[in-house]
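Remarks on the overall topology
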Amino acid sequence: QYSPDSVAGADGEINPTEVTFPGCSCRSSSCTFPQCPCLSRGENYSSSLRLRLAEQQEQHFSRPVFECNSLCQCGEGCQNRLVQRGLRLRLQVFRTERKGWGVRVLEPIPRGAFVCEYAGEVLGSAEAHRRIQAQTPQEPNYIIAVREHLHDGRVMETFVDPTRIGNVGRFLNHSCEPNLFMVPVRVDSMVPKLALFAAADISAGEELSYDYSGRFNNLPETSREHKALEEENSLRKPCYCGSRTCASFLPWDSSLFSTP
């Protein structure tokens, strides 16, 4: 079932559509920093509606992204409303030679531009682990676990499963040298939208991909992926990204296969 936005999972533990953030009282057509409380919470977009990549890379940690929400007084044209507007590019799902389905873009994409969301059922930790452990090695796994490492050492986890309900993001393949990267973007609540942005200028016809492990554009120590034992390699899926730095196998996180 196609859904442009994430929905509450079957376990009913998390509702991504619930509005819990207060809105800003900005009366201008587009909010500005530092007057807008939404913008003062974290990172924001440039005037060309692209994520500010340079500032993120200069910092030890990426700043969070908060968009203006449904309770804000600013207009729909506010430049701090980007991911919530949804897909605006012409994308095409196509059959790849070795990787099953993939996604390519039919128009050029500039670096830093929002491409699409990875949408699906938002699950609680217990249900996400239950579904992953119920899968056979032959089945494709669409469940993604996004971990945000806070400055005080806490880790926030978000689990999204587009297996039964999702959008075009579920067809994106992994690459060890990707042209997209994922950023959690918050609009109405602490449940983030898993937004994919262009890591470089992308040409029309190019296949879109991101690094499933989260290593790309992040600190290496924040990834829970470990060097798999030799006997675990039999459970892993081969990687066919074809990049010069290909790791031979798709990213592996054994913690998802253990009881939380």
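A brief structural summary.

Rules used throughout
- Residues numbered from 1 in each chain as written.
- Predicted model: local features only at pLDDT ≥ 70, side-chain atom pairs only at ≥ 80, totals over all residues.
- Heavy atoms only, no water.
- Pairing = 2+ DSSP bridges.
- Helix = DSSP H or I, 4+ residues; strand = E, 2+ residues; numbered from the N terminus.
- Salt bridge = Lys/Arg side-chain N within 4 Å of Asp/Glu carboxyl O.
- 1 Å grid on protein atoms, 1.4 Å probe; cavity = no way out; pocket = protein on both sides within 12 Å on 5 of 7 lines; lining within 4 Å.
- Points joined across faces, edges and corners; volume = space filled by probe spheres on them.
- Contact = heavy atoms within 4.5 Å.
- Axes fitted to C-alpha atoms, helices over the stretch in contact; angles between N-to-C directions.
- Polar contact = N/O pair within 3.5 Å; in protein donor to acceptor, adjacent residues only side chain to side chain.
- Buried < 20%, exposed > 50% of the residue type's maximum accessible area, 1.4 Å probe, protein only.
- Phe/Tyr/Trp six-rings, centres within 6.5 Å; stacked < 30°, edge-to-face > 60°.
- Lys NZ or Arg CZ within 6 Å of the ring centre and 35° of its normal.
- Lys, Arg positive; Asp, Glu negative; His and termini not counted.

Okay, the sheet that holds strand β11 (residues 193–198) next. Spatial strand order, β2-β10-β11-β5: four strands in an open sheet with mixed pairing. Unpaired on one side and paired on the other, β2 (65–66) and β5 (114–117) mark the two borders of the sheet. With three bridges connecting them, β5 and β11 associate as antiparallel partners. Each bridged residue has a counterpart across the sheet, and for Cys116 the counterpart in β11 is Leu196.

The tally for this structure, following the rule as stated, stands at eleven salt bridges. When salt bridges that share partners are traced, they join Glu121, Glu127, Arg130, Arg131 and Asp161 into one network.

To locate leftover empty space, one rolls a probe as large as a water molecule over the atoms. Of the voids in this model, the second largest pocket is the one considered here, and its volume is about 300 Å³. Every residue lining the second largest pocket is counted, 16 residues in all, and those nearest its centre are Pro16, Gln84, Val187, Asp188 and Lys193.

With mixed pairing, the four strands of this open sheet are ordered in space as β1-β6-β8-β7. For this open sheet the edge positions go to β1 (7–8) and β7 (144–149), each flanked by a neighbour on one side alone. Where β7 lies against strand β8 (residues 155–161), six bridges are found, and the strand directions are antiparallel. Along β8, the bridge assignment pairs Arg147 with Glu157. Packed onto the sheet, helix α3 (residues 125–134) meets β6 (121–123) and β8 and runs at close to 110° relative to β6.

Relative to the helices and strands, Glu148 resides in strand β7. Of the polar contacts made by the side chain of Glu148, one reaches the side chain of Arg186; its length is 2.6 Å. Sequence-distant contacts of Glu148, that is, excluding residues within four places in its chain, are made with Arg154, Val155, Met156, Thr158, Pro184, Arg186 and Pro192.

Moving on: unusual backbone geometry. Pro34 follows Phe33 through a cis peptide bond whose omega is 5°. Summarising the element assignment, Pro34 is placed in the loop between β1 and α1 (37–40). We note that Ser248 has phi near 80°; this positive angle belongs to a residue other than glycine. Relative to the helices and strands, Ser248 is located in the segment after β12 (207–210). Overall, Ser248 belongs to the partly exposed group, its relative accessible area being 44%.

Glancing now at the packing of aromatic side chains. Tallied over the full model, the rule gives six aromatic pairs. Ring geometry for Tyr45 and Phe197: centres 6.5 Å apart, planes at 35°, overall tilted. Of this pair, Tyr45 sits in the loop between α1 and α2 (53–58) while Phe197 sits in strand β11, and the two are 152 residues apart along the sequence. One exposure class covers both Tyr45 and Phe197, and it is buried. With centroids separated by 5.0 Å and ring planes inclined at 55°, the aromatic side chains of Tyr210 and Tyr212 adopt a geometry described as tilted. Against the face of Phe21 rests Arg41, its NZ or CZ located 5.1 Å from the ring centre.

Within the fold, Asp188 resides in the loop between β10 (180–186) and β11. Despite its burial, Asp188 remains without a salt bridge, the nearest opposite charge being carried by Lys193 at 6.9 Å. Those residues in contact with Asp188, other than ones at most four positions away along the chain, are Glu18, Val19, Thr20, Phe21, Asn69 and Ser70.

As for its placement among the helices and strands, Glu13 is situated in the loop between β1 and α1. Between the C-alpha atoms of Glu13 and Ser125, which are 112 residues apart in sequence, the distance is 9.3 Å. Not counting residues up to four positions away in its chain, the partners in contact with Glu13 are Gly124 and Ser125.

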